[in-house]
Amino acid sequence: HLPVRGYKSFDSGTNALPKVIAKIKEFNATSSNPLNEAQLEALEALCTVLSATNRYHASQIDSAGLKVISHMVSSWDVATCFPALDLARLVVIHPHAASRERATFWKSLLQATLTQCQAANTSSVPVSMLSLRLFANCFRGGGGAVEAVMELGQAILEYAVATVGMDNKNVRLALSTLLLNAASFSHTNKNKSTSSSSLQPMFEVIAAILGRYKAFESEALVRTLTALGTLLLLVGTDSSKPWSSLVQPIVDAGGNTKAVAVAKEIQSIQSN
């Protein structure tokens, strides 16, 4: 099971893009910062490209559509910005949209997303879920998206800790996937500066999840444990937390066969 390789992503939903556009138009009708006709057309053109997933290797994303997403995330309120976040988590998977040349755009968008997250303060399930999905998907995107999510990693993980207690299974899966992808990236791109202390923000989120592991569904728990095991393999061992003891209740509980197997691997790493 360890270390994790590659990335999990939230890439379904392109067939529902007409509904997303319809929701945006509904909110736009009463928005204090409405989109004009040209902006709405740019969004529809963007969705046309996103719908043709078999053409991602060759298609291109126009900057006009990206600017509209940024406008909505930056200037619409918590109650109405979530369709834009849904678009963003799909757009970031497109290679051309997330290319290194667009790093500045993604840094700005992720910062605006964090601002919405902080404004919602975990009271909005759609904002939390879609933001975490966006952050997780950045690791599968191009160089610009990866650069952005790494630069804002500390702030993203500080927000992630706050979502641990949210009572929604989709939020829990998005959170655990963010950790899994961040761990995979860290392991793949390890260098001499990688240390237990540099990974503490991720360890803190994982420890918070293990403190309430019974609330986490099977797959979300397995992804969290796999992230932990991957990070421990990266740094050798970590003495900041009693990891063997923290995962012991999962071993004792049994039931979740895969989670138990990963937990035992973690205990093995810590004992070496």
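Scope of this entry: the structure provided in the associated data block. (Residues numbered from 1 in each chain as written. Predicted model: local features only at pLDDT ≥ 70, side-chain atom pairs only at ≥ 80, totals over all residues. Heavy atoms only, no water.)

Looking only at helices and strands, one finds 13 helices and zero strands in the chain. Tracing the chain from N to C terminus, the helices and strands come up as α-α-α-α-α-α-α-α-α-α-α-α-α. Here the chain has a C-alpha radius of gyration of 19 Å; the compact-globule value for 272 residues is 19 Å, and the two agree. For the chain, the spread of C-alpha atoms along the three principal axes comes to 60 × 35 × 30 Å. (Helix = DSSP H or I, 4+ residues; strand = E, 2+ residues; numbered from the N terminus. Rg over C-alpha atoms; globule rule 2.2 N^0.38 Å.)

Turning our attention to unusual backbone geometry. Here the amide bond leading from Leu2 into Pro3 is cis, since omega sits at -5°, within 30 degrees of zero. Topologically, Pro3 is positioned in the segment before helix 1 (17-28). Even without being a glycine, Asn121 presents a positive backbone phi close to 55°. Tracing the backbone through its elements, the reader meets Asn121 in the loop between helix 5 (103-120) and helix 6 (125-138). Unusually for a residue other than glycine, Thr122 sits at a positive phi of about 65°. As for its position among the elements, Thr122 is in the loop between helix 5 and helix 6. On the basis of relative accessible area, Thr122 is assigned to the partly exposed category, the value being 24%. (Buried < 20%, exposed > 50% of the residue type's maximum accessible area, 1.4 Å probe, protein only.)

Let us look at the nonpolar core. Core analysis: the biggest nonpolar cluster contains 98 residues, and Leu43, Ile69, Trp106, Leu225, Leu228 and Trp243 have the highest contact counts within it. Considering every element that reaches this core, the biggest residue donor is helix 11 (residues 218-235), with nine residues. Dropping the residues within four chain positions of it, Ile69 is found in contact with Leu43, Leu46, Ala84, Leu87, Ala88, Val91 and Leu109. (Core = buried A, V, L, I, M, F, W, Y, C linked by side-chain atoms within 4.5 Å. Contact = heavy atoms within 4.5 Å.)

The next point concerns the environment of Ser108. If you trace the backbone, Ser108 turns up in helix 5. Distance from Ser108 to Ser74, taken between C-alpha atoms, is 9.2 Å for residues 34 residues apart in sequence.

Turning our attention to the layout of surface pockets. Volume-wise, the largest pocket comes out at about 380 Å³. Around the largest pocket, the lining comprises 19 residues; the ones closest to its centre are Met150, Ser186, Ser198, Leu199 and Met202. Of all the secondary-structure elements, those providing two or more residues to the lining of the largest pocket are helix 7 (143-151), helix 8 (153-163), helix 9 (169-188) and helix 10 (200-210). Residue composition of the lining of the largest pocket, by class: 11 nonpolar, eight polar and no charged. (1 Å grid on protein atoms, 1.4 Å probe; cavity = no way out; pocket = protein on both sides within 12 Å on 5 of 7 lines; lining within 4 Å. Points joined across faces, edges and corners; volume = space filled by probe spheres on them. Nonpolar A, V, L, I, M, F, W, Y, C, P; charged D, E, K, R; others polar.)

Glancing now at the packing of helix 9 against helix 10. A pair of packed helices is captured by two measures, namely the crossing angle of their axes and the spacing between those axes. Contact geometry for helix 9 and helix 10: axes closest at 11 Å, N-to-C directions at 145°. The hand of the helix 9/helix 10 crossing is left-handed. The residues of helix 10 that touch helix 9, namely those facing Leu175, Leu179, Ala182, Ala183 and Ser186, are Met202, Val205, Ile206 and Ile209. By residue class, the composition of the contact of helix 9 with helix 10 is eight nonpolar, one polar and no charged. (Axes fitted to C-alpha atoms, helices over the stretch in contact; angles between N-to-C directions. Left-handed = near helix turned anticlockwise from the far one by under 90°.)

Attention now moves to the packing of aromatic side chains. Across all of its chains, the model carries five aromatic pairs by this definition. For the ring pair Phe27 and Phe82, a centre distance of 5.7 Å and an interplane angle of 80° mean the geometry is edge-to-face. With Phe27 in helix 1 and Phe82 in helix 4 (residues 82-91), this pair connects stretches of sequence that are 55 residues apart. Its relative accessible area of 14% is what places Phe27 among the buried residues. Look at Phe82 and you get partly exposed, because its relative accessible area is 23%. Between the aromatic rings of Phe139 and Phe185, the centroid separation amounts to 5.8 Å while the plane-to-plane angle is 55°, which identifies the pairing as tilted. You can see Phe139 sitting in the loop between helix 6 and helix 7 and its partner Phe185 sitting in helix 9, a full 46 residues away along the chain. For Phe185, a relative accessible area of 16% translates into the label buried. One aromatic cluster in this structure is built from Tyr7, Phe139 and Phe185. (Phe/Tyr/Trp six-rings, centres within 6.5 Å; stacked < 30°, edge-to-face > 60°.)

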